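Descriptive analysis of the structure
Chain by chain, the residues:
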Amino acid sequence: MSPSSTGTLITVAPTGAEHAKAEVPNLPVTLDELVQTARDCERVGASVIHIHVRDDEAKPTLDLGRLKETVAAVRAHTRLVVQLSTGGAVTDPESDRLAVLDALPDSASCTMGTVNFGDDVFLNRWEFIVALHKGMQERGIVPEYEIFDLGQLTTLRRLLDQHGLPAGGHVHLDLVMGVPGGMPGDTETLAAALRLIPEGATFSATGVGRSSLPVLFASLSAGGHVRVGMEDTLSYAKGERVRDNAQLVARASGLARIAQRPPIGPEESRVLLGVAS
Ligand code: KMH
Ligand code: ZN
């Protein structure tokens, strides 16, 4: 992909599984808050939403009923590509993570290996990766392969070689950079990832915490797409907390325009990702 040949797909990851509502009161955790966030972010340039759901106590949950209700509500109120997390929280069992696919989102995340995750371990065994990949192929769900470290790009190539292309026929991945335990979020590491990305694939990049902006600039300059949101960063600038997810999406949209790679809308994102309309 040549750097200036395409617009920018902006994904918003509004909630995640790690932040506590008590400590982050503006984190969207209820269905109403999520739908409002989705609408606000679509208006300022997001075209994909990466969703983690919370329960009535605002704790992360993979309850299938809630996931289905969430997919339906976001579809009813926006045109965003709806991507569910199969990563969940580090404590979620594989069976629950696999069952996420039964909510039949447009897209779902699929992490390409185990990684230290702060003080925890985010476990993704090879057999589990294959089960997720095949489960998505069977259901026509388009994966976003999550890459937390460079070796996981090798795993992605092995997965595609052994088990074929994903639903939709196109490979799209997200470099999740700056997780304590994963690859750092800087230009050098993003550049190193480029030569390991499978031929014909598109990529997005996410910088966690203070790597948010360096990764955003690096990805835009390298022809990549971007993911932003309160799952990944709660700080807008030094000493300034994020106001809401739309603030992060609006900044990414502005920078994408400056880079002459303006945000693409949900329909164009569907075509790019191979998601059925
Ligand atoms: N919450 C992390 C343990 C994903 O959404 O697929 C995993 C995660 C990745 O956020
Ligand atoms: Zn996530």
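Residues numbered from 1 in each chain as written. Chains lettered and ligands numbered in written order. Predicted model: local features only at pLDDT ≥ 70, side-chain atom pairs only at ≥ 80, totals over all residues. Heavy atoms only, no water.

1. Points about the overall build of the protein
What counts is decided by this rule: Strands here are runs of E lasting at least two residues and helices are runs of H or I lasting at least four, both read from the DSSP assignment and numbered beginning at the N terminus. Based on C-alpha atoms, the radius of gyration is set beside the globule rule, defined as 2.2 Å times the residue count to the power 0.38. Partly exposed residues are those whose accessible area sits between 20% and 50% of the maximum for their type, while under 20% is buried and over 50% is exposed, using a 1.4 Å probe and protein chains only. Only heavy atoms matter for contacts: two residues are in contact if any of them lie within 4.5 Å across the pair. All accessibility values rest on the Shrake-Rupley procedure with a 1.4 Å probe; residue burial counts only the protein chains present in the view. This count recognises Lys and Arg as positive and Asp and Glu as negative, with His and chain-terminal groups excluded. Every charge is mapped to an atom, namely NZ of Lys, CZ of Arg, CG of Asp or CD of Glu.
What the protein contains, in helices and strands, is 9 helices and 14 strands. Over its C-alpha atoms the protein spans a radius of gyration of 17 Å, differing by no more than 12% from the 19 Å that the globule rule assigns to 277 residues. Seen along its three principal axes, the alpha-carbon backbone of the protein occupies a region of about 45 × 45 × 40 Å. Buried positions account for 56% of the 277 residues belonging to the protein. Excluding contacts between residues fewer than 6 apart, the proportion of contacts in the protein whose partners are at least 24 apart in sequence is 72%. As displayed, the protein has an accessible area near 11400 Å², and 52% of this comes from carbon and sulfur atoms. Here the protein holds 25 positive side-chain charges and 34 negative ones, and the gap between their average locations is 3 Å.

2. Section: the site of ligand 1
How we decide: We call a residue near a molecule or strand as soon as one heavy atom of that residue lies within 4 Å of the molecule or strand. Within 3.5 Å is the distance limit for a polar contact, defined as a pair of N or O atoms, with the added protein rule that one can donate a hydrogen and the other accept it, and that residues adjacent in sequence qualify only through two side-chain atoms. Polarity classes work like this: nonpolar for Ala, Val, Leu, Ile, Met, Phe, Trp, Tyr, Cys and Pro, charged for Asp, Glu, Lys and Arg, and polar for all others, with Gly in that last group.
Neighbouring residues of ligand 1: E18, H50, H52, S85, G87, G88, V90, S109, F117, F122 and E231. A distance of 3.0 Å is found between an oxygen atom of ligand 1 and a side-chain nitrogen or oxygen belonging to H50. Between S85 and ligand 1, the recorded distance is 2.7 Å, taken from a side-chain N or O atom to an oxygen atom. Bound to the protein, ligand 1 loses 97% of the 300 Å² it would expose on its own. Partitioning the shell around ligand 1 into residue classes produces 3 nonpolar, 6 polar and 2 charged.

3. As for the side chain of E231
Relative to the helices and strands, E231 resides in the loop between β12 (225-228) and β13 (235-237). Discounting residues that sit within four places of it in the chain, E231 has contacts with A13, P14, T15, G16, H19, H50 and H52.

4. Here we look at helix α6 (residues 187-194)
Selection criterion: When we speak of the arc, we mean the arc of directions from the helix axis to the C-beta atoms.
Within α6 the residues assigned to the buried category are T189, L190 and A193. Taken end-on, α6 shows its buried residues confined to a sector of 100 degrees, consistent with a single buried face. The inward-facing, buried residues of α6 contact α5 (151-163), β10 (172-177), β11 (202-207) and α7 (212-221).

5. What about the pattern of salt bridges?
The criterion, for reference: When a carboxyl oxygen of Asp or Glu is within 4 Å of a side-chain nitrogen of Lys or Arg, the pair counts as a salt bridge.
All chains considered together, the criterion is met by 13 salt bridges. Residue E33 is joined to K21 by a salt bridge in which the shortest nitrogen-to-oxygen separation is 3.4 Å. Taken together, the positions of E33 in helix α1 (residues 31-43) and K21 in the loop between β1 (10-12) and α1 put the pair 12 residues apart, joining distant regions of the chain. Owing to a relative accessible area of 30%, E33 belongs among the partly exposed residues under this scheme. Judged by its relative accessible area of 22%, K21 is partly exposed. A salt bridge links R125 to E94, with the nearest nitrogen and oxygen atoms 2.9 Å apart. Remark: E94 occurs in helix α3 (residues 94-99) and R125 occurs in the loop between β8 (120-122) and α4 (126-139); sequence separation between them is 31 residues. Residue class for R125 comes out partly exposed when judged on its relative accessible area of 36%.

6. Quick notes on the side chain of D106
Relative to the elements of secondary structure, D106 occurs in the loop between α3 and β6 (107-111). Taking relative accessible area as the criterion, D106 reaches 11% and is therefore assigned buried. Separated by 3.0 Å, the side chains of D106 and R75 make a polar contact.

7. As for the sheet that holds β10
Across a sheet, strands are paired by hydrogen bonds formed along the backbone, either parallel or antiparallel in direction. In plain terms, the rule: The pairing criterion is simple: DSSP has to find at least two bridges between the two strands. Axis geometry follows a simple rule: fit a line to the C-alpha atoms, using only the stretch in contact for helices, then measure angles between N-to-C directions, giving values from 0 to 180 degrees.
The parallel closed barrel is built from 8 strands, whose spatial order is β1-β2-β5-β6-β9-β10-β11-β12. Along the sheet, successive strands turn relative to each other by an average axial angle of 30 degrees, direction set aside. As paired strands, strand β2 (residues 48-51) and strand β5 (residues 81-84) are joined by 4 bridges and run parallel to one another. Looking across to β5, one finds that I51 is bridged to L84. Those strands touched by α4 are β6 and β9 (142-147), and its axis lies near 160 degrees from that of β6.

8. Describing the coordination of the zinc ion (ligand 2)
Basically, it comes down to this: Coordinating donors are taken as N, O and S atoms within 2.8 Å of the metal, stretched to 3.2 Å for Na, K and Ca; because water is absent from the atoms, sites can appear incomplete.
Summarising the metal site, the zinc ion (ligand 2) is bound by the protein donors H50 (NE2), H52 (NE2) and E231 (OE), whose distances to it range over 2.1 to 2.2 Å. For H50, a relative accessible area of 2% gives the class buried. Given a relative accessible area of 14%, E231 falls into the buried group.

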